[in-house]
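Coordinates in review
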Amino acid sequence: MTISSQPIRVMLADDHTMVRKGLATFLKVFDDLELAGEADGGQAAIKLCGEVLPDVVLMDMVMPDVDGAAATRIIRQMYPQVQVIALTSFKEGELIKKALESGAIAYLLKDVSADDLSRAIRAAYAGRSTLSPEAAQALVQVASQPPVPGLDLTEREREVLALMVEGLNNTQIAGRLTVSPSTIKSHVSNVLSKLGVASRTEAVTLALRSRIIS
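Let me begin by describing the structure that accompanies this report. Position numbers for residues start from 1 in each chain and track the written sequence from start to end. Residue-level local features of this predicted model are given only where pLDDT is at least 70; pairs of side-chain atoms are given and counted only at 80 or more, and the full residue set underlies all totals for whole chains, interfaces and linings. Based on all heavy atoms of the structure, the side-chain values leave hydrogens and waters out of the count.

1. Considerations on the overall build of the protein chain
Per the secondary structure count, the protein chain includes 10 helices and 6 strands. Using C-alpha atoms as the atom set, the radius of gyration is obtained and then compared with a globule rule of 2.2 Å times the number of residues to the power 0.38. For the protein chain, whose C-alpha radius of gyration is 25 Å, the value lies well above the compact-globule estimate of 17 Å for 214 residues. Here the C-alpha coordinates of the protein chain stretch approximately 75 × 30 × 30 Å along the principal axes. Counting over 214 residues, the protein chain shows a buried share of 42%. Partitioning the contacts of the protein chain with sequence separation of at least 6, the portion at a separation of at least 24 is 63%. Accessible area of the protein chain: about 11400 Å², with a carbon and sulfur share of 53%. Seen as two clouds, the 22 positive and the 25 negative side-chain charges of the protein chain have centres 6 Å apart. Secondary structure elements are taken from DSSP: a helix is a run of H or I of four residues or more, a strand is a run of E of two residues or more, and numbering for both begins at the N terminus. To sort residues, take the accessible area from a 1.4 Å probe on protein chains only and compare it with the maximum for the residue type: under 20% means buried, over 50% means exposed, and anything in between is partly exposed. Should any heavy atoms of two residues lie within 4.5 Å, those residues are counted as being in contact. All accessible-area figures derive from a Shrake-Rupley calculation using a 1.4 Å probe, and residue coverage is judged against the displayed protein chains alone. Two residue types count as positive, namely Lys and Arg, and two as negative, namely Asp and Glu; His and chain ends fall outside the count. Every charge is mapped to an atom, namely NZ of Lys, CZ of Arg, CG of Asp or CD of Glu.

Following this line, the structure appears as structure tokens:
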């Protein structure tokens, strides 16, 4: 184990007192790690970070005031030299993705071992990323999911699709939206293309099944 000449200063951000106490005790075990401060929420973490300028922040992701991802984004914008490790109980892919997109260099679950956490802190200090196996697996699952259909429909195309779901034909839709039937025909063609279907019936079925139309 490489011990740095100066201890790595670690700040804790978690709304649970017992979690912070446990992490503070954990830091005392390692000579190269030092507690820089504790914050009980995202807003407090942002403020404290400016006061103590830690090397690494252990950031809970779910807090009642400012969530961990938002706090991470602000800290990384204001203090880019500070590295943030997301340390949480949640392993949902979207939450992990959000944390990493906000600037967290690592994502670990709270059941991580002391040795693994200390290694992740040292890695973060050196600019290297760490993902728990569960987080890595969740990210793979998110990446492999097919895109949600209908996200690229324009507002007008959604209106046309909603009227298709009601069973209206092109002429009736044109009358409802006070545009020409040829314009509606173009919109319907775009809807079918964007949904990847070959017919109005398939479009309506997909719209209902995927709840594209609320």
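That shown, we press on.
2. Digging into the sheet that holds strand β5 (residues 106–109)
Paired strands, as defined in this entry, are two strands with at least two bridges between them according to DSSP. Reading across the sheet, the 6 strands line up as β2-β1-β3-β4-β5-β6 and stay open at both edges, with parallel pairing between neighbours. The open sheet has two edge strands, β2 (33–39) and β6 (130–131), and neither has a second partner. Pairing of β5 with β6 involves 2 bridges; the strand directions are parallel. Counted as the bridge partner of Y107 is L131 from β6. Contacting β1 (8–13), β2, β3 (56–59) and β4 (83–88), helix α1 (residues 17–29) crosses the sheet at an angle of about 165° to β2. Helix axes are fitted only over the stretch in contact, all axes being lines through C-alpha atoms; the angle between N-to-C directions runs from 0 to 180 degrees.

3. Section: the pattern of salt bridges
When a carboxyl oxygen of Asp or Glu is within 4 Å of a side-chain nitrogen of Lys or Arg, the pair counts as a salt bridge. Inspection of every chain in the model, using the stated rule, returns 12 salt bridges. Taking the shortest distance from any N to any O, the salt bridge between R20 and E38 comes out at 3.2 Å. With R20 in helix α1 and E38 in strand β2, this residue pair connects regions lying 18 residues apart in the sequence. Taking relative accessible area as the criterion, E38 reaches 40% and is therefore assigned partly exposed.

4. Focus: the packing of helix α7 (residues 155–165) against helix α10 (residues 200–209)
For any two helices packed against each other, one specifies the crossing angle of their axes together with the interaxial distance. Put simply, α7 and α10 touch, their axes get as near as 9 Å, and they point 100° apart. Taken together, the axis directions place α7 and α10 in an arrangement best described as roughly perpendicular. Facing L161, M164 and V165 of α7, the residues of α10 in contact are R200, A203, V204, A207 and L208. Residues are sorted three ways: Asp, Glu, Lys and Arg are charged, Ala, Val, Leu, Ile, Met, Phe, Trp, Tyr, Cys and Pro are nonpolar, and all the rest, Gly among them, are polar. Its residues assigned to classes, the contact of α7 with α10 comprises 7 nonpolar, no polar and 1 charged. The scheme is simple: roughly parallel for angles under 35 degrees, roughly antiparallel for over 145, roughly perpendicular for 65 to 115, oblique for anything else.

5. Considerations on helix α9 (residues 181–195)
In an α-helix, one turn spans 3.6 residues; hence positions three or four apart end up facing the same way. End to end, α9 covers 21 Å across 15 residues, agreeing with the expected 21 Å (1.5 Å per residue, within 8%). Every buried residue of α9 is listed here: I184, H187, V188, V191, L192 and L195. With its buried residues spanning 135° around the axis, α9 presents them on a single face. Opposite its buried face, α9 presents the exposed residues S182, K185 and S193, each directed more than 90 degrees away. Against the buried residues of α9 lie α7, α8 (170–177) and α10. Positioned one or two residues after α9, G196 has a phi angle of 70°, which is positive. Expected span, for any helix, means 1.5 Å times one less than how many residues it has. Picture the helix axis, draw a direction to every C-beta atom, and the arc is the one those directions span.

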